[in-house]
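The primary structure of each chain is shown beneath.
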Amino acid sequence: SNSVRCVRVASMNESLEQACAADADGGFPPKAGAASAAPVAPTLGEALRFWLKLGFISFGGPAGQIAIMHQELVERRRWISEHRFLHALNYCMLLPGPEACQLAIYTGWLLHGLAGGLMAGLLFFLPAFVLLSGLAGAYLAFGDLPVVQGIFYGIKPAVVAVVLFAAWRIGSRAIRNRVLLAVALLAFIGIFFFKVDFPWIILAAGLFGAIAGRLAPALFQGGGGHGAGGKNFGPALIDDDTPPPPHARFSWGGFAAMLGAFLAVWAVAMLALRGLPELWRMGEFFTEAAFLTIGGAYAVLPYVYQGAVEHFGWLSGPQMIDGLALGETTPGPLIMIVTWVGYVGGVTKAVAGGAIASGLAGAAVATFFTFLPSFMFILVGGPLVEATRGELRFTAPLTAITAAVVGVILNLAAFFAWHTFWPRATVAEPFAGTFEWLSVVAAVCAIVALWRYKADIMKVIGACALLGLALSFVR
């Protein structure tokens, strides 16, 4: 395969095996030869209980979420085989949007059709939506209290470390030669110094990859591939050689009908917002953001920041940092930061009168338009993926885009560091006010904990929050 995403699948497969080395309930499911029959197909109600549970325990970012799904779906319940699971994961990694959520939609759709896909996807992020909306409301109501400010003072340097660590993780997989390193550096220079909008950087990187991939394909080649899993956990309900169920069989008529249905849903939702200009702008903006989430949530955060903070004024830079910190400590995909942005933006612009109503309206619009394309990609494209199983290919443009994303994330880290280390600085006076050396120390300790000691992100953020809380009593 010619994509860095294949490298991600290979490395992800290794991490899945390591992450699932010890079963929380006391042991792995039967190995090959120990189980002689595939499990009984779950009812829709049984699947609903599983997906709801998953929505509450899906911590740890995409790697952790995919590891949990692998353990539950492949190893313990054997609803889907290792190869089919990785094949679906490969497709989801190709797409814009949160791949873990899309993988849940894909598996739910394979098991129970349209109802199963909708149920799996909604329950994957619904708990996070409720939690982040509640946290946003509490933040706006009590954020001025010294104790709360102290907690967020400690959290901010942890966010700087988390974003830097994300850039390192993606860069270590994506940047395999000097050409891709140059793409990353140019992307950073373009957005940091010349304020080039994120979509133009992605477009330029994709075009470069398409051209350079033809001229020098070796620069864009990687190892791995779907179906690389080597473990066998016994017969699965959807096994390697199980034909696609009737609802998953491809036809151009079904493809067109499902695509038309999603376009109609989007159009009706936008029409419903016509008399509400701020919510209409949110619908447009988060639709665009959903199609730009290539390379994970960190890749689209600069675009969300540019629009939500600089262009529309829905929230401030520090509020964005605080939302990202809370997003790291709640279940669900990190792209749920859009719920925070929508809630705070709804209150800021008073889109529906009262603060709670405005916040919930903004949060609902931001979340709906961000996740609608994910459902469309799976429910429209899934049958085609099943029909071409074993033939999926990635392209050089995606490799170049992923390299550019590294530069964009570094820009985001620089922005967060600026607001954290010089909290009173402005564009006119970029180094005004007191330099927060304690925040620098906390950020350095956090990045060492994440990089050197492989510490859990939530524990790092929690430790920094406790540090900030302690300082609030000292000061």
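All residue numbers here refer to positions counted from 1 along the written sequence of the relevant chain. Two thresholds apply to this predicted model, a pLDDT of at least 70 for residue-level local features and 80 or more for giving and counting side-chain atom pairs, whereas whole-chain, interface and lining totals are computed over all residues. For side-chain calculations, the full set of non-hydrogen atoms in the structure is used, while hydrogens and water are omitted.

### Side note on unusual backbone geometry
Going by this rule: Think of it this way: any DSSP run of H or I at least four residues long counts as a helix, any run of E at least two long counts as a strand, and we number them from the N terminus. The classification of residues rests on relative accessible area computed with a 1.4 Å probe and restricted to protein chains. Under 20% of the type maximum is buried, over 50% is exposed, and intermediate values are partly exposed.
Residues other than glycine seldom take positive phi values, yet Arg-78 does so here, at roughly 55°. By the element assignment, Arg-78 lies in the loop between helix H3 (61-76) and helix H4 (82-94). Unlike most non-glycine residues, Lys-195 shows phi in positive territory, near 55°. Mapped onto the fold, Lys-195 is located in the loop between helix H7 (178-192) and helix H8 (198-215). The exposed category is assigned to Lys-195, whose relative accessible area is 60%.

### Quick word on the packing of aromatic side chains
Basically, it comes down to this: Between the rings of Phe, Tyr and Trp (Trp by its six-membered ring), a pair exists once the centres lie within 6.5 Å; its type follows the angle of the planes, with under 30 degrees stacked, over 60 edge-to-face, and the other angles tilted. In this analysis the charged atom, NZ for Lys or CZ for Arg, is taken to sit over a ring once it is within 6 Å of the ring centre and within 35 degrees of the ring normal.
What the rule picks out here adds up to 28 aromatic pairs. Here the aromatic rings of Phe-188 and Phe-193 are separated by 6.5 Å at their centres, their planes lie at 90°, and the arrangement is edge-to-face. For the ring pair Phe-285 and Tyr-303, a centre distance of 5.2 Å and an interplane angle of 15° mean the geometry is stacked. Here the residue Phe-285 occupies a position in helix H10 (residues 277-291), and Tyr-303 occupies one in helix H11 (residues 297-311), the gap between them amounting to 18 residues. Three or more aromatic residues joined by ring pairs make a cluster, and in this case those are Phe-285, Phe-286, Tyr-303, Phe-312 and Trp-314. Directly above the ring of Phe-192 sits Lys-195, whose terminal nitrogen or CZ lies 5.9 Å from the centroid.

### Digging into helix H17 (residues 457-474)
Note the threshold: Given a helix with a known number of residues, its expected span is that number minus one, times 1.5 Å. Along the arc lie the directions from the helix axis toward the C-beta atoms. Note on contacts: a residue pair is in contact if any heavy atoms of the two residues lie within 4.5 Å.
The terminal C-alpha atoms of H17 lie 26 Å apart, and with 18 residues this matches the ideal 26 Å at 1.5 Å per residue to within 8%. Every buried residue of H17 is listed here: Ile-457, Val-460, Ile-461, Cys-464, Ala-465, Gly-468, Leu-471 and Ser-472. Looking down the long axis of H17, one finds its buried residues gathered within 135° of arc, a one-sided arrangement. Away from the buried face of H17 by more than 90 degrees, exposed residues Lys-459, Leu-466, Phe-473 and Val-474 are located. Those residues of H17 that are buried lie in contact with helix H6 (146-174), helix H12 (317-328) and helix H16 (437-451).

### Considering the packing of H10 against helix H14 (residues 355-387)
As a reminder of what qualifies: Lines fitted to C-alpha atoms define the axes here, with helix axes fitted over just the stretch in contact, and angles between the N-to-C directions of these axes take values from 0 to 180 degrees. Two helices that cross are described as forming a left-handed crossing if the nearer one is turned anticlockwise from the farther one by less than a right angle, and a right-handed crossing if clockwise. When residues are grouped by polarity, Ala, Val, Leu, Ile, Met, Phe, Trp, Tyr, Cys and Pro land in nonpolar, Asp, Glu, Lys and Arg in charged, and all others, Gly among them, in polar.
Contact geometry of H10 with H14 gives a least axis separation of 8 Å together with a crossing angle of 35°. Crossing handedness for the pair H10 and H14: right-handed. Judged by residue contacts, Leu-279, Met-282, Gly-283, Phe-286, Thr-287, Ala-290 and Phe-291 of H10 engage Ala-361, Gly-362, Val-365, Ala-366, Phe-369, Thr-370, Pro-373, Met-376 and Phe-377 from H14. Considered class by class, the residues forming the contact of H10 with H14 number 12 nonpolar, 4 polar and no charged.

### Details of the side chain of Thr-420
Inclusion rule: Whenever two N or O atoms come within 3.5 Å, that pair is a polar contact, provided that in protein one can donate a hydrogen and the other can accept it, and provided that, for residues adjacent in sequence, both atoms are side-chain atoms.
As for its position among the elements, Thr-420 is in helix H15 (residues 396-421). What makes Thr-420 buried here is its relative accessible area of 4%. In this structure the side chain of Thr-420 is engaged in a polar contact, spanning 2.7 Å, whose partner is the backbone oxygen of Phe-416. Among all residues touching Thr-420, those that are not within four sequence positions of it are Lys-156, Pro-157, Val-160, Ile-321, Glu-436 and Ser-439.

### Description of the nonpolar core
For the record, the criterion: The definition of a nonpolar core used throughout is a set of buried Ala, Val, Leu, Ile, Met, Phe, Trp, Tyr and Cys residues joined through side-chain atoms within 4.5 Å.
Counting residues in each nonpolar core, the largest one holds 141 residues, and the members touching the most others are Trp-51 and Met-69. For this core, the leading source of residues is helix H5 (residues 99-142), giving 19 residues. Not counting residues within four places of it along the chain, the set of residues in contact with Met-69 comprises Trp-51, Leu-54, Val-74, Phe-85, Ala-100, Leu-103, Ala-104 and Phe-124.

### A short note on the confidence of the model for the chain
Condition: The predictor reports its confidence for every residue as pLDDT, a score running from 0 up to 100.
For the chain, per-residue confidence averages 83 on the pLDDT scale, and 86% of positions sit at 70 or higher. Segment residues 1-34: pLDDT under 50, and 85 contacts once partners within four positions in sequence are set aside and those in other chains are kept. Overall, residues 223-230 carries pLDDT values under 50, and its contacts beyond four positions in sequence, including any with other chains, amount to 24 contacts.

### Structural notes on the packing of helix H9 (residues 252-272) against H14
In helix packing, the relevant descriptors are the interaxial angle and the interaxial distance, both defined with respect to the helix axes. This is how the line gets drawn: In what follows, roughly perpendicular refers to angles from 65 to 115 degrees, roughly parallel to angles under 35, roughly antiparallel to angles over 145, and oblique to any angle outside these ranges.
Direction vectors running N to C along H9 and H14 enclose 170°, while the axes themselves pass 10 Å from each other. Regarding the angle of H9 to H14, the classification is roughly antiparallel. Listed contacts from H14 to Phe-255, Met-258, Leu-259, Phe-262, Val-265, Trp-266, Ala-269 and Met-270 of H9 are Phe-368, Phe-369, Leu-372, Phe-375, Met-376, Leu-379 and Val-380. Counted by class, the contact of H9 with H14 contains 15 nonpolar, no polar and no charged residues.

### Examining the environment of Met-119
As for its placement among the helices and strands, Met-119 is situated in helix H5. On a C-alpha basis, the gap between Met-119 and Ile-105 in space is 7.8 Å, while along the polypeptide they are 14 residues apart.

### Focus on the environment of Leu-203
Secondary-structure assignment places Leu-203 in helix H8. Note on Leu-203: relative accessible area 45%, which makes it partly exposed. In the structure, Leu-203 is positioned 194 residues away from Pro-397 in sequence and 9.3 Å away in space, judged by C-alpha atoms.

### Thoughts on the environment of Ala-400
Within the secondary structure, Ala-400 is located in helix H15. Taking C-alpha positions, Ala-400 is 9.1 Å from Val-179, a pair spaced 221 residues apart along the chain. Sequence-distant contacts of Ala-400, that is, excluding residues within four places in its chain, are made with Leu-180, Val-183, Ala-205, Phe-208, Gly-209 and Phe-220.

### Considering the pattern of salt bridges
For the record, the criterion: Between Lys or Arg on one side and Asp or Glu on the other, a salt bridge is scored when a side-chain nitrogen of the former is within 4 Å of a carboxyl oxygen of the latter.
The tally for this structure, following the rule as stated, stands at 6 salt bridges. With a closest N to O distance of 3.8 Å, Lys-53 and Glu-72 form a salt bridge. In this pair, Lys-53 sits in helix H2 (residues 44-57) while Glu-72 sits in helix H3, placing the two residues 19 residues apart along the sequence. Relative accessible area serves as the criterion here: at 37%, Lys-53 is assigned to the partly exposed category. A residue is classified by how much of its surface remains accessible, and Glu-72, at 6% relative accessible area, is buried. Between Arg-84 and Glu-386 there is a salt bridge whose closest N-O contact spans 2.8 Å. Here Glu-386 lies in helix H14 and Arg-84 lies in helix H4, a separation of 302 residues in the sequence. Three or more residues are tied together by salt bridges with common partners; here these are Lys-53, Glu-72, Arg-76 and Arg-77.

### Examining a nonpolar patch on the surface
For clarity, the threshold we go by: In this analysis, a patch consists of residues with relative accessible area above 30% that form no salt bridge, clustered at 9 Å for like charges and at 5 Å for the nonpolar side chains Val, Leu, Ile, Met, Phe, Trp and Tyr. Methods summary: accessible areas were calculated by the Shrake-Rupley approach with a probe of 1.4 Å, and residue burial reflects only the protein chains presented.
Taken together, Leu-181, Leu-185, Leu-186, Ile-189, Phe-192, Phe-193, Phe-194, Val-196, Trp-200, Leu-203 and Leu-207 make up a surface patch of nonpolar side chains, about 1100 Å² in accessible area. Elements with a minimum of two residues in the nonpolar patch: H7 and H8. At 5 residues, H7 tops the list of elements feeding residues into the nonpolar patch. By secondary structure assignment, the location of Ile-189 is in helix H7.

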